[in-house]
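Breakdown of the fold
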Amino acid sequence: MKLTLKIWRQTNTADKGGIHTYEVDDISPDMSFLEMLDVLNERLNEEGEEPIAFDSDCREGICGACSLMINGNAHGPGVTTSCQLHMRSFHDGQTITIEPWRADAFPVIKDLVVDRGAFDRIIQSGGYISVNTGAAPDAHATPVAKDKADRAFDVATCIGCGACVAACPNGSASLFVGAKVTHLGELPQGQAERDSRVVNMVAQHDAEGFGGCTNIGECASACPKEIPLDVISRLNWDLHAAMRHGR
Amino acid sequence: MYAQITGEDPYTVPMRIYPAVHYVMGGLWVDYDLQSTIPGLFVTGEANFSDHGANRLGASALMQGLADGYFVLSNTIRDYLADGPFDRVPEDHPSVVEAQQSVQQRIDHFMNTQGTRSVDSYHRELGNIMWEFCGMERTQDGLTKAIDLIRTLRDDFWRNVKVLGTADSMNQSLEKAGRVADFLELGELMCIDALNRRESCGGHFRGESQTDDGEALRHDDQYSYVAAWEWTGEGPDREMGTPVLHKENLTYEFVEMMQRSYK
């Protein structure tokens, strides 16, 4: 495959940055999107141009490191992470635009790499359980209803990649926070800190500069793990309950 | 997932299955508190050697992450911290100065080499050597050859690697160069260890050690130990010093060592 790539390049956070155009040839449709970028980087290195910085780690779709805005869609076409996207999803001769996540709360560090430290700080503010649950209990000692267990499990698949924020016109991280609050709030261990968790996480979310949710739903359609939009209803429900409890 | 990765529908086209490297058996040596030879440096999960033998089965990483993080460290780190507060290490402490200097020298070396080969190309070549000669089946000849090849590659890496960009901002090539330097050491050590162990055990099949019908043959009388290799520094041309073997014998009081049959 022969492709024209329009790639955002930015030396550092302060740099203005801009789109650079590159041609690549001999791209196999079986390559992953990141392997295609590896090929380009190898060539740039040979030609003496600094390779394009982009994040990746497991390349199996489970770590949440890769974060490319491809033709205006977070992680490109389909329900997948950038690393699990393959070149067969594109056609020969196509022009592909690649940008970093766009959000005030995710400053660009370099090229396609953004700082997602804001997510870590949101997790630090409440995405944990600090009650001591003792040694491993017998499996049947604390019953958890099947629907609750399934729900907690489903929303726990959030890998914190930030696609929801990148897709949202408001730059809101409500889907991410909603997933964490729902995951921990469904389980018995999460009850002790349920009120303080939601209050602290929402406060941190706002302090980081993420926008508010206006029920547009781009986040849920961009999510590679298909976190449903109704976790945000749950987030609002829990926040309201915590305020009624005087938090 | 298979269809997404390969572009082939496994209901109509036979699946293509190939072994893949997904673990390094072994890791950093730790004591029962998961503390390394450096006081206060705890090594957990897959990074330490402790919870598996010559094989890692499915979910070993999950088990080790949970056991280390939830049950062991929550007690042993508290025990360590109970001896605190610790004195602040001054920035002009000779060890700090030495560490900073050696890191800075390494960075300067990579930035100033201006060679012709990318870091990734070294990484891939090392991967091929390991796959070819230190994979599931290994032999004395193959491992000896691999050690030679790695030493040559390592020598070339330090003379001819090409790292563009600068060292004062994010530089992924520079980050990778440091890691590939580590992998070159680790790869050589894995081959040395494999060469030393003339038996087939767990996930490792030593060509010279098999039964008449081609099954893995262990030698518990000679190799019933954990091998902890001591780092002895680098030579003047950055060649790896000969590592020193420390043995921790495996002694079982309540179970009898058996051979598992996969037939």
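Residues numbered from 1 in each chain as written. Chains lettered and ligands numbered in written order. Predicted model: local features only at pLDDT ≥ 70, side-chain atom pairs only at ≥ 80, totals over all residues.

1. Observations regarding the overall build of chain B
Across its full length, chain B holds seven helices and six strands. Each helix and strand of chain B, ordered N terminal to C terminal, gives the series α-α-α-β-α-β-α-β-α-β-α-β-β. Put simply, chain B has 263 residues, and 18% of those count as buried. Taking contacts inside chain B between residues at least 6 apart in sequence as the whole, the part at least 24 apart equals 54%. (Helix = DSSP H or I, 4+ residues; strand = E, 2+ residues; numbered from the N terminus. Buried ≥ 20, exposed ≤ 12 C-beta atoms within 10 Å, placed from the backbone. Contact = placed C-beta atoms within 7 Å.)

2. What to know about the overall build of chain A
Scanning chain A from N- to C-terminus turns up eight helices and seven strands. Taking as baseline every contact in chain A between residues at least 6 positions apart, the subset at least 24 positions apart corresponds to 70%.

3. Quick look at the pairing of strand β5 (residues 95–99) of chain A
All names here are of chain A. Note that strand β1 (residues 3–9) and β5 share four bridges and pair parallel. Each residue of the ladder has a partner; that of threonine 4, found in β5, is threonine 95. Here two bridges tie strand β3 (residues 69–70) to β5, and the two strands are oriented antiparallel to one another. For isoleucine 70, the partnering residue across the bridge sits in β5 and is isoleucine 98. (Pairing = 2+ DSSP bridges.)

4. Digging into the domain arrangement of chain A
Residue and element names in this part refer to chain A. Splitting chain A by domain gives domain 1 (3–109) and domain 2 (116–244). Computed over C-alpha atoms, the centres of domain 1 and domain 2 are 29 Å apart. With 18 residues of domain 1 at the contact, the number on the domain 2 side is 17 residues. Of the residues assigned to the side of domain 1 that touches domain 2, the class counts are nine nonpolar, seven polar and two charged. (Domains from an automatic or database assignment. Nonpolar A, V, L, I, M, F, W, Y, C, P; charged D, E, K, R; others polar.)

5. Quick look at unusual backbone geometry
A cis geometry characterises the amide bond from B:Gly84 onward to B:Pro85, with omega recorded as 0°. Here A:Asn71, not a glycine, exhibits a phi torsion of approximately 50°, which is positive. Take A:Asn71: it is sitting in the loop between β3 and β4 (73–74). By C-beta crowding, A:Asn71 is classed as partly exposed, having 15 other C-beta atoms within 10 Å.

6. Some words on the sheet that holds β4(A)
In space, the five strands of this open sheet follow the order β2-β1-β5-β3-β4 (chain A), with mixed pairing throughout. Edge strands, defined here as strands with exactly one partner in the open sheet, are β2 (18–24) and β4 of chain A.

7. Let's talk about the nonpolar core
All names here are of chain A. Membership of the largest hydrophobic core comes to 58 residues, with the highest contact counts inside it found for Cys164, Val165 and Leu175. With six residues, the single largest contributor to this core is helix α5 (residues 174–185). The two domains that each donate at least three residues to this core are domain 1 (3–109) and domain 2 (116–244). The contact partners of leucine 175, leaving out residues within four places of it in the chain, are Cys164, Cys219, Ala220, Cys223, Ile227, Val231 and Ile232. (Core = buried A, V, L, I, M, F, W, Y, C linked by C-beta atoms within 7 Å.)

8. Notes on the packing of α5(A) against helix α6 (residues 194–207) of chain A
Residue and element names in this part refer to chain A. With their axes 11 Å apart at the nearest point, α5 and α6 run at an angle of 170° to one another. The orientation of α5 relative to α6 falls into the category roughly antiparallel. In this structure, α5 contributes Val177, Lys180, Val181, Leu184 and Gly185 to the contact, and α6 contributes Arg194, Arg197, Val198, Met201, Val202 and His205. The residue makeup of the contact of α5 with α6, split by class, is six nonpolar, two polar and three charged. (Axes fitted to C-alpha atoms, helices over the stretch in contact; angles between N-to-C directions. Parallel < 35°, antiparallel > 145°, perpendicular 65-115°, else oblique.)

9. What to know about the interface of chain A and chain B
Facing the 16 residues of chain A at the interface are eleven residues of chain B. For the side of chain A that touches chain B, the secondary-structure elements that each account for two or more residues are α1 (33–47) and β6 (108–110) of chain A. The dominant element in the side of chain A that touches chain B, judged by the number of residues it contributes, is α1(A), at three residues. Residue classes in the side of chain A that touches chain B are distributed as four nonpolar, six polar and six charged.

10. Section: α6(A)
Residues and elements named next belong to chain A. Helix length check: α6, at 14 residues, gives a terminal C-alpha distance of 20 Å against a target of 20 Å (1.5 Å per residue), a fit within 8%. Listed as buried for α6 are Arg197, Val198, Met201, Val202, Gln204 and His205. All buried residues of α6 project into a common sector of 160° when viewed along the axis, lining one side. Directly after α6, the chain includes glycine 209, whose backbone phi takes a positive value near 95°. (Expected span 1.5 Å × (residues − 1). Arc of directions from axis to C-beta.)

11. A closer look at the environment of B:Thr116
Residue and element names in this part refer to chain B. Along the chain, threonine 116 falls in the loop between α3 (94–113) and β1 (117–118). Judged by the 11 C-beta atoms lying within 10 Å of it, threonine 116 is exposed. In this structure the C-alpha to C-alpha distance between threonine 116 and valine 161, which are 45 residues apart in sequence, comes to 6.2 Å. Once residues lying within four places of it in the same chain are set aside, the contact partners of threonine 116 are Asn160 and Lys162.

12. A closer look at the packing of helix α2 (residues 117–126) of chain A against α6(A)
Residues and elements named next belong to chain A. Across the interface, α2 lies against α6 with an axial gap of 8 Å and an inter-helix angle of 155°. Here α2 lies roughly antiparallel to α6, going by the angle between them. Remark: the crossing between α2 and α6 carries right-handed chirality. Contact residues: α2 offers Arg121, Ile122, Ser125 and Gly126, while α6 offers Ser196, Arg197, Asn200, Met201, Gln204 and His205. Of the residues contributing to the contact of α2 with α6, the split by class is two nonpolar, six polar and two charged. (Left-handed = near helix turned anticlockwise from the far one by under 90°.)

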